[in-house]
Amino acid sequence: MNHHSQHTSADKAKKRLQQVTRSAGLKELESLRKKAQGADENTRLQFVEMLAKLGTEDALYTLALMLPETSQRVQQAVAHILTRPDRRAAQALYRLLGSRDVRQQGAALEIIAADGDIRHAKALAGYVHAVLSNALPTPDDLGERAVSILEAMGTDEALIAVNRWREQHSSNTLAVAPAPPPKAVVMRAGRADIVNYQQALHALIKHIRAGRWGDQQDAARALHGLMRGLPDEHVPEVVAMFAQALNDENPVVRWTIVEALAWLSRVEAVPVLRQCLCDPNWSVRVAAILALVEIGDVATVRWIEPMLDDPNTNVQEAAVEAVGRLGSPRYAPLLAHLINSDRDPMVRIAAVNAARRLRAAGALPALVAALSSPHLQLRWTAARSLAELANETVENDLIARLYDEGRPQLEEKRVCDWLIEALERMDTPAARTAVRQWKQTRV
């Protein structure tokens, strides 16, 4: 009975999640997050992806509130989004850092440590000052963790916070031996000449293979951090070592190595990643596709294209997104076919976004047809794409859609707003008339 109720709850959370719109408030998002907590890992990953696509400040903060996560894959996915070079993502991460929940503070510190970017120095210094002024309920070990990260960053603002911390804790530091350096921090400006990469990588892979979840997470972060500062002369030997390790029977090891190759972001890794597209574990196949996108070699899209027919919908979706980033407008017929298909809605949504990125005007009829889909997010995504891509060939279809009285639902208002944007951009006599009449009759 309990298993059945959990399954039903997860299904309901997933279905409700797919109906979230850009106007969703923090209260509704928080309610959905709590429902998703009891769902399976794949549903939580979909929740992460949908919040990332939503992209609002509230959505990204809701994403941050998922931390700390029990699933390594979910944790890594959230961390990757929160460390994007985007102001809203950074703000969500820093809001988590200022949480009164020390577990959330710790999760934010681990993400900042693994990212190793000095752009976090200002927020991290503010965190230390808040802890020193008792504005945050923070144990000293978290404060020391923040100070260690700031010391490695070494900016003026960081060192001011470090010195203030040391002055206030001087009586304690005299009696206690210095804390060891944080094991997962590998900063970009680190000393590459003192790292034995072969030895370090072998040890980290061993921890990932045999360790528990926490150990695996620390080892994976350290491994990825090493890739950021890998000197050119070590690239061939490291890629060769990773190619050998990809024969490991543990899928977590293979997945972590593929992620490391993405962090490495070198063309030397492309042949190795091509083999990973055939991995028996779907999450490794997804990671391989994303790694090839990260490297950005447009020639690799021909290897990714067959993955559109992978039996796993997550792989299909990743492949469609890769086509949108590495392909060209010549993929318009293929994307139109996917948009019009009976594939999983998330795959069709990915195809719509790919058509928009590629400026694939050949997919316009399929985008118009998607406006009649029963799936709300697909309709919204198609309308948003039409706002950017639509031309006179679909002008009459968009005007007719504005006055479709069979769709009076409030949720269609945003669809019409995007269609108005498309017509305003066309600026033809018929389009101007339709826009004027729409604005006059809008309530």
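Provided above is the structure to which this section pertains.
In this text, all values refer to a predicted model and were calculated from it rather than measured experimentally.

Trainee: Just give me the short version of the overall build of the protein chain, but keep the residues and values in it.
Mentor: Helix and strand content of the protein chain: 26 helices and 0 strands. Across the 443 residues of the protein chain, 53% fall into the buried class. For the protein chain, the share of sequence-separated contacts (at least 6 apart) that also reach a separation of at least 24 residues comes to 69%.

Trainee: How would you sum up the packing of aromatic side chains? Please name residues and give values.
Mentor: Each aromatic ring pair is characterised by the separation of its centres together with the angle its planes make. In this structure the tally under the stated criterion is 1 aromatic pair. A cation over a ring is seen here: Arg95 above Tyr61, with NZ or CZ 3.5 Å from the ring centre.

Trainee: Please provide a residue-by-residue account of the pattern of salt bridges, values included.
Mentor: Evaluated as defined, the whole model comprises 15 salt bridges. For Asp248, the salt bridge identified is with Arg209, shortest N-O distance 2.6 Å. Remark: Arg209 occurs in helix H12 (residues 197-210) and Asp248 occurs in the loop between helix H14 (235-245) and helix H15 (251-264); sequence separation between them is 39 residues. Accessibility expressed as a relative area gives 14% for Asp248, which makes it buried. For Arg209, a relative accessible area of 41% gives the class partly exposed.

Trainee: Before we move on, could you go through helix H21 (residues 345-357) and cite the residues and values that matter?
Mentor: Spanning 13 residues, H21 covers 18 Å between terminal C-alpha atoms, matching the ideal 18 Å at 1.5 Å per step. In terms of burial, H21 is largely enclosed, as 11 of its 13 residues are buried. When H21 is considered as a whole, its buried residues turn out to be Met346, Val347, Arg348, Ile349, Ala350, Ala351, Val352, Asn353, Ala354, Ala355 and Arg356. Contact partners of the buried residues in H21: helix H3 (41-54), helix H19 (313-326), helix H20 (332-339), helix H22 (364-370) and helix H23 (376-389).

Trainee: Requested: an account of the environment of Lys439, with residues and values cited.
Mentor: Looking at the element boundaries, Lys439 is found in helix H26 (residues 429-441). With 19 residues separating them along the chain, Lys439 and Ile420 place their C-alpha atoms 9.3 Å apart. Discounting chain neighbours no more than four positions away, the residues touching Lys439 are Ile420 and Glu424. A distance of 2.8 Å separates polar atoms of two side chains, one belonging to Lys439 and the other to Glu424.

Trainee: Let's hear about the packing of helix H4 (residues 57-64) against helix H5 (residues 72-82): which residues, and what values?
Mentor: At a minimum axis distance of 10 Å, the contact between H4 and H5 shows a crossing angle of 140°. When the interaxial angle is binned, H4 and H5 end up oblique. Note on packing geometry: the crossing formed by H4 with H5 is left-handed. Residues Leu60, Leu63 and Ala64 of H4 touch H5, and the partners they reach there are Val78, Ile81 and Leu82. For the contact of H4 with H5, the per-class residue count stands at 6 nonpolar, no polar and no charged.

Rules used in this analysis
- Residues numbered from 1 in each chain as written.
- Predicted model: local features only at pLDDT ≥ 70, side-chain atom pairs only at ≥ 80, totals over all residues.
- Heavy atoms only, no water.
- Helix = DSSP H or I, 4+ residues; strand = E, 2+ residues; numbered from the N terminus.
- Buried < 20%, exposed > 50% of the residue type's maximum accessible area, 1.4 Å probe, protein only.
- Contact = heavy atoms within 4.5 Å.
- Phe/Tyr/Trp six-rings, centres within 6.5 Å; stacked < 30°, edge-to-face > 60°.
- Lys NZ or Arg CZ within 6 Å of the ring centre and 35° of its normal.
- Salt bridge = Lys/Arg side-chain N within 4 Å of Asp/Glu carboxyl O.
- Expected span 1.5 Å × (residues − 1).
- Polar contact = N/O pair within 3.5 Å; in protein donor to acceptor, adjacent residues only side chain to side chain.
- Axes fitted to C-alpha atoms, helices over the stretch in contact; angles between N-to-C directions.
- Parallel < 35°, antiparallel > 145°, perpendicular 65-115°, else oblique.
- Left-handed = near helix turned anticlockwise from the far one by under 90°.
- Nonpolar A, V, L, I, M, F, W, Y, C, P; charged D, E, K, R; others polar.

Treat this as a map of the structure, not an account of what it does.
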